[in-house]
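# Examination of the molecular architecture
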Amino acid sequence: MDLLHTCAEESSVHGLPHLVAKERHWLERVIWAVIVVISIYCSYAVCLSTWTRYQENPTVLTLETDYRHWTYRPPAVTICPAFINDDGIREVIKKYWNVGEESDLYPFYKQFVTAVANTTYANMNAFLPFVGNMSFAKVNMLEIARTVRNLDTMPSKNFVPVITETGMCFTSSNYSRFQNIGTPPNESTRTWPSSCFSYDLCKSNVILSAYGVVKIHLFVHTEDEVMVATDIIKNEMNQTELVEVTVLVDQIVASSGLKNLSPTRRKCLYDHESKLYF
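Residues numbered from 1 in each chain as written. Predicted model: local features only at pLDDT ≥ 70, side-chain atom pairs only at ≥ 80, totals over all residues. Heavy atoms only, no water.

## Details of the packing of aromatic side chains
When we look at a pair of aromatic rings, we describe it by the centre distance and by the angle of the planes. Using the following cut-off: The pairing test for Phe, Tyr and Trp rings, Trp by its six-membered ring, is centres within 6.5 Å, and the orientation test on the planes gives stacked under 30 degrees, edge-to-face over 60, and tilted for anything in between. Summary of the burial criterion: residues with accessible area below 20% of their type's maximum are buried, those above 50% are exposed, and those between are partly exposed, where the area comes from a 1.4 Å probe applied to protein chains only.
Overall, the coordinates contain 12 aromatic pairs when judged by the stated rule. Relative to Phe136, the ring of Phe130 lies with its centre 5.5 Å away and its plane at 85 degrees, an arrangement referred to as edge-to-face. Residue Phe130 shares its accessibility class with Phe136, and that shared class is buried.

## Remarks on the confidence of the model for the protein chain
Detailed reading of predicted coordinates is not advised where the pLDDT is low. Filter applied, for reference: Predictor confidence is given residue by residue as pLDDT, running from a minimum of 0 to a maximum of 100. Under the DSSP-based scheme used, a helix requires at least four consecutive residues in state H or I and a strand at least two consecutive residues in state E, with every element numbered from the N terminus.
When pLDDT is averaged along the protein chain, the result is 77, and 69% of the positions lie at 70 or above. Highest mean pLDDT in the protein chain belongs to helix α5 (residues 106–117) (92); lowest belongs to helix α1 (residues 2–10) (66).

## Considering the nonpolar core
For clarity, the cut-off: By convention a nonpolar core is built from buried Ala, Val, Leu, Ile, Met, Phe, Trp, Tyr and Cys residues, the set being connected through side-chain atoms within 4.5 Å. Residues count as neighbours in contact if any of their non-hydrogen atoms are within 4.5 Å of one another.
Ile93, Trp97, Phe112, Val113, Phe136, Ile144 and Val148 are the most contacted members of the largest nonpolar core, which totals 20 residues. A per-element tally of this core places α5 first, with seven residues. When near neighbours in sequence (up to four residues on either side) are disregarded, Val148 contacts Phe83, Ile84, Asn85, Gly88, Ile89, Val92, Val113 and Ala117.

## Quick word on the UniProt feature "transmembrane region" (unreviewed entry) in the protein chain
Stated formally: UniProt positions are given in the numbering used here, feature names are shortened, and annotations may be inferred rather than shown by experiment.
The UniProt feature table records "transmembrane region" (unreviewed entry) at residues 30–51. End-to-end, the C-alpha atoms of residues 30–51 are 32 Å apart, and along that stretch the chain is 100% helix and 0% strand.

## A closer look at the pairing of strand β4 (residues 167–171)
Worth spelling out the cut-off: In this analysis, strands are considered paired if DSSP registers two or more bridges between them.
Counting buried residues in β4 gives five out of five residues, a clear majority hidden from the surface. Note: strand β3 (residues 160–164) against β4, five bridges, orientation antiparallel. What sits directly across from Pro161, in β4, is Phe170. Connecting β3 to the next strand, β4, in antiparallel fashion are two residues.

## Some points on the packing of α5 against helix α6 (residues 141–149)
Axes are the key here: two packed helices are described by the angle between their axes and the distance separating the axes. Let me state the cut-off plainly: Comment: axis = line fitted to C-alpha atoms, over the contacting stretch for helices; angle = value between 0 and 180 degrees taken between N-to-C directions. Here the angle decides the label: under 35 degrees means roughly parallel, over 145 means roughly antiparallel, 65 to 115 means roughly perpendicular, and every other value means oblique. Ten residue types, Ala, Val, Leu, Ile, Met, Phe, Trp, Tyr, Cys and Pro, are classed as nonpolar, four, Asp, Glu, Lys and Arg, as charged, and the remainder, Gly among them, as polar.
Where α5 contacts α6, the axes come no closer than 8 Å and their chain directions differ by 90 degrees. The angle between α5 and α6 places the two elements in the roughly perpendicular class. Contacts between α5 and α6 involve Phe112, Val113, Val116 and Ala117 from the first element and Met141, Ile144, Ala145, Val148 and Arg149 from the second. Residues that form the contact of α5 with α6 fall into these classes: eight nonpolar, no polar and one charged.

## What to know about the environment of Asn174
Quick reminder of the rule: A 3.5 Å cut-off defines polar contacts: any pair of N or O atoms within that distance qualifies, except that in protein one atom must be a possible hydrogen donor and the other a possible acceptor, and neighbouring residues in sequence count only when both atoms are side-chain atoms.
On the secondary structure map, Asn174 appears in the loop between β4 and β5 (196–197). Separated by 50 residues in the primary sequence, Asn174 and Asp224 have C-alpha atoms spaced 5.6 Å apart. Side chain to side chain, Asn174 and Asp224 meet in a polar contact 2.9 Å long.

## Describing the side chain of Ser173
By the secondary structure assignment, Ser173 is in the loop between β4 and β5. Residue Ser173 is classed as buried on the basis of its relative accessible area, which comes to 0%. Within the structure, Ser173 has its side chain in polar contact with the backbone nitrogen of Tyr175 (distance 3.1 Å). Here Glu223 takes part through its backbone oxygen, which lies 3.4 Å from a polar atom of the side chain of Ser173.

## What about the pattern of salt bridges?
Pairing is possible between side chains that carry opposite charge, provided their charged atoms lie close to one another. As a reminder, the rule being used: Every case where a carboxyl oxygen of Asp or Glu lies within 4 Å of a side-chain nitrogen of Lys or Arg is listed as a salt bridge.
One pass over the structure, following the stated rule, counts three salt bridges. Close ionic contact of Arg90 with Asp87 constitutes a salt bridge, the shortest N to O distance being 2.1 Å. Of this pair, Arg90 and Asp87 both sit in helix α4 (residues 86–97), separated by three residues, roughly a single helical turn. Relative accessible area serves as the criterion here: at 32%, Arg90 is assigned to the partly exposed category. One salt-bridge network, in which partners are shared between bridges, spans Asp87, Arg90 and Glu101.

This is the structure we're talking about:
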């Protein structure tokens, strides 16, 4: 006890000398004891919060300088050409309603076919004039859109036709199977672009089967994403024109040590940990 008394008396910890000082009133000692206990509790709470933050939000900074051996996957592209094939319109109207251009009903059916081919999330009101018309009850809209938009001709071997919120498009995304229209693509015959090294000039050629001036909506994203309708690059091109789009890649890659952390700490899930469908 004498040793503890001496340690407390000589301690530089604020409050302890007042607890053992002989000239102190007992009420002063009680007050100082309460202050010391509260201080110890506050110190413990601060240390605990810091430790918890470290466990749940670790920050690890590393810098690799061997950039000559860096590789990255080229971005995926979703192309939505606003092309309408007049021959396809005549073919569809003849097939479903047996109406030719000489008929007075041809403009009405052409308006419907054009509305189907140009359908997006923003223009669904284009179908209001056709509400209640039973002649459209058994119409295959996907077939109409594919025929009129000429979606059976791929821009290149790594594209497949898909349906998106901006209408019928072509995409090279890995998730095209969730947007595919009709028969799923044959992954064994589909061509996948090679990885690019740092400072490489990676190119992809896209050839669209269309004539005249074509409006093109282009969406650039990663291979493991689908297009976002707001991230759009608009362009118009003639039949003989070549459009070149340069994309700068800013790639962030997780280190292998990140896998050893729990999902709670790293705030993200790997593909094999996700319970989502895609």
